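So the chains spell out like this:
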Amino acid sequence: MHENNWLRRAKKLHAIASTGLHYCRDEYDRERYEEIAEIARGMLADITDVPVDRIEGIYADSGQGYATPKIDVRAAIIEHGKIVLVREKSDGLWTLPGGFAEIGLSPRENVVKEVLEEAGVAVEVQALYSIRHKAKHAYPPDILDFYKLFFLCRRVDATPYQAGSETVEVGLFAPDDLPALSTLRVLEADILDAFSYSLSPIPTVVID
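Residues numbered from 1 in each chain as written. Predicted model: local features only at pLDDT ≥ 70, side-chain atom pairs only at ≥ 80, totals over all residues. Heavy atoms only, no water.

Enquirer: Explain the overall build of the protein chain here, please?
Expert: Each helix and strand in the protein chain was counted, giving five helices and seven strands. The N-to-C order of helical and strand elements in the protein chain reads α-α-α-β-β-β-β-α-β-β-β-α. Burial statistics for the protein chain: of 208 residues in total, 41% are counted as buried. Pairs at least 24 residues apart make up 71% of the contacts formed inside the protein chain by residues separated by at least 6 positions. (Helix = DSSP H or I, 4+ residues; strand = E, 2+ residues; numbered from the N terminus. Buried < 20%, exposed > 50% of the residue type's maximum accessible area, 1.4 Å probe, protein only. Contact = heavy atoms within 4.5 Å.)

Enquirer: Got a minute to help me understand a nonpolar patch on the surface in this structure?
Expert: A surface patch of nonpolar side chains, amounting to about 340 Å² of accessible area, comprises Ile71, Leu128, Ile131 and Tyr147. Topologically, isoleucine 131 is positioned in strand E5 (residues 123-133). With relative accessibility at 55%, the residue isoleucine 131 sits in the exposed group. (Patch = residues over 30% accessible without salt bridge, like charges linked within 9 Å, V, L, I, M, F, W, Y side chains within 5 Å. Areas by Shrake-Rupley, 256 points an atom, 1.4 Å probe, with all protein chains shown as cover. Salt bridge = Lys/Arg side-chain N within 4 Å of Asp/Glu carboxyl O.)

Enquirer: Could you clarify how one ought to interpret the packing of helix H1 (residues 5-23) against helix H2 (residues 27-48) in this entry?
Expert: For any two helices packed against each other, one specifies the crossing angle of their axes together with the interaxial distance. At a minimum axis separation of 8 Å, H1 and H2 run at an interaxial angle of 155 degrees. Taken together, H1 and H2 sit at an angle that is classed as roughly antiparallel. Here the hand of the crossing between H1 and H2 comes out left-handed. Counted together, Trp6, Leu7, Ala10, Lys11, Leu13, His14, Ile16, Ala17, Gly20 and Leu21 of H1 and Arg30, Tyr33, Glu34, Ile36, Ala37, Ala40, Arg41, Met43, Leu44, Ile47 and Thr48 of H2 form the full contact between these two elements. In terms of residue class, the contact of H1 with H2 is made up of 14 nonpolar, three polar and four charged. (Axes fitted to C-alpha atoms, helices over the stretch in contact; angles between N-to-C directions. Parallel < 35°, antiparallel > 145°, perpendicular 65-115°, else oblique. Left-handed = near helix turned anticlockwise from the far one by under 90°. Nonpolar A, V, L, I, M, F, W, Y, C, P; charged D, E, K, R; others polar.)

Enquirer: I tried to follow the pattern of salt bridges on my own but got confused; where do I start?
Expert: Pairs can form between side chains of opposite charge once their charged atoms are near each other. For the coordinates displayed, the defined rule picks out 15 salt bridges. Among the salt bridges present, the one from glutamate 124 reaches arginine 154, with a minimum N-O distance of 2.1 Å. One end of the pair, glutamate 124, is in strand E5; the other, arginine 154, is in strand E6 (residues 146-155), with 30 residues separating them in the sequence. The class of glutamate 124 is partly exposed, set by a relative accessible area of 32%. Overall, the relative accessible area of 42% leaves arginine 154 in the partly exposed class. A network of salt bridges, in which partner residues are shared, links Glu102, Lys113, Glu114 and Glu117.

Enquirer: Looking at this structure, I do not really get the packing of aromatic side chains. What am I missing?
Expert: Aromatic ring pairs are described here by two measures, namely the spacing of the ring centres and the angle between the planes. For the coordinates displayed, the defined rule picks out four aromatic pairs. Arranged with centres 5.9 Å apart and planes meeting at 40 degrees, the rings of tyrosine 129 and phenylalanine 150 form a pair that is tilted. Residue tyrosine 129 is found in strand E5, and its partner phenylalanine 150 is found in strand E6; the two are separated by 21 residues along the sequence. Residues tyrosine 129 and tyrosine 197 carry aromatic rings whose centres are separated by 6.3 Å and whose planes lie at 35 degrees to one another, so their mutual orientation is tilted. Here the residue tyrosine 129 occupies a position in strand E5, and tyrosine 197 occupies one in helix H5 (residues 188-198), the gap between them amounting to 68 residues. Residue tyrosine 129 shares its accessibility class with tyrosine 197, and that shared class is buried. Over the face of the ring belonging to tyrosine 139 we find lysine 148, whose NZ or CZ atom lies 5.3 Å from the ring centre. (Phe/Tyr/Trp six-rings, centres within 6.5 Å; stacked < 30°, edge-to-face > 60°. Lys NZ or Arg CZ within 6 Å of the ring centre and 35° of its normal.)

This is the structure we're talking about:
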């Protein structure tokens, strides 16, 4: 399932304007790129029903560099045939622990940090089992462009699971008994892929 063509075009148009604002030196060109960015934000608001002022906040770094997709990292921790999910404070729905990748941290460091913050335990990364372009799959439409990285992880301490500042609960679920998922963050397919991958020989991969 691909995202709406108009949404894809509006995001691409804004990315072109943002990159142009970063590199242009001519004041006339700057005005034109700013106008294009404003039109693109208006299109995004119309398509997604997100208020323009919120879109402007999300794109606050527009023109600060070459426009590229953002990266989201997610951890799949499977224990005794069940997977660890956290319930988000923001929408009350369940997802794999994870979030935006932060600058200065490797993919491994990012996902380890997210698990500690959202589920309260230390893990080690075993393998990268999936990379997905969010716009090409059945996630709800998003005004930002994302690559989603899914990692199979293993707990390395006996600390009990504990919710963090952005989560309200941690639970373990069988693949045939999953709770209501926060589909902005994770799909059932992402979770089932983790179970499938965990049952196959895991190659030695350096993730850093």
